[in-house]
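Next come the chains, spelled out residue by residue.
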Amino acid sequence: MARSPWAIGRAARPRVADSAGAPVPLALVELPALGIVARTDSAGQFRMQGVPGGEHVISIRVIGYDLLVSQVRLGASDTLEIEFEMGRTTTRLATVRTT
């Protein structure tokens, strides 16, 4: 089975950004079925090597954002050139009373 990296050497790399287009650093990017994991860098980019062609479920998580789960399709010689957009999580904490 042919394998392809999910990035190409120049500028085009998969990227994780928020709804305003700002990079999301340190996000955990995972292909659960394959056990392949990566982290985004300060530009929100990541690299995964050895990903076979076909359909894959990708999950992206980081504190402060909603879990993102998406299905992607790769041909045997494709590279993934996509930007994943994550929505911010609003967490409401319970009221703490002090006396």
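Our subject is the structure listed above.
Everything numeric in this text was worked out from a predicted model, so none of it was measured. (Residues numbered from 1 in each chain as written. Predicted model: local features only at pLDDT ≥ 70, side-chain atom pairs only at ≥ 80, totals over all residues. Heavy atoms only, no water.)

Ranked by size, the top nonpolar core spans 20 residues in total, and within it Val16, Phe46, Met48, Ile58, Ile60, Phe84 and Met86 carry the most contacts. Elements represented by at least two residues in this core include exactly strand S3 (28–31), strand S4 (36–39), strand S6 (54–61), strand S7 (68–74) and strand S8 (83–86). For this core, the element with the highest residue contribution is S7, accounting for 3 residues. The contacts of Phe84, once residues within four sequence positions are left out, are Arg15, Val16, Ala17, Phe46, Ile58, Ile60, Leu68, Ser70 and Val72. (Core = buried A, V, L, I, M, F, W, Y, C linked by side-chain atoms within 4.5 Å. Buried < 20%, exposed > 50% of the residue type's maximum accessible area, 1.4 Å probe, protein only. Helix = DSSP H or I, 4+ residues; strand = E, 2+ residues; numbered from the N terminus. Contact = heavy atoms within 4.5 Å.)

Looking along a regular strand, one sees side chains alternate from face to face of the sheet. As paired strands, S3 and S6 are joined by 3 bridges and run antiparallel to one another. For Leu28, the partnering residue across the bridge sits in S6 and is Arg61. Sheet analysis places S6 next to S7, joined by 7 bridges and oriented antiparallel. Its bridge partner being in S7, His56 is matched across the sheet by Val72. Taking the residues between adjacent antiparallel strands as the criterion, S6 and S7 are bridged by 6 residues, where Gly64 takes a positive phi near 95°. (Pairing = 2+ DSSP bridges.)

The subject of this paragraph is the packing of aromatic side chains. In total, this model carries 1 aromatic pair according to the counting rule given. Between Phe46 and Phe84, the aromatic rings sit 6.4 Å apart at their centres with planes inclined by 35°, giving tilted as the arrangement. Highlighted residues: Phe46 in the loop between S4 and strand S5 (51–52) and Phe84 in strand S8, separated in sequence by 38 residues. Overall, Phe46 belongs to the buried group, its relative accessible area being 0%. (Phe/Tyr/Trp six-rings, centres within 6.5 Å; stacked < 30°, edge-to-face > 60°.)

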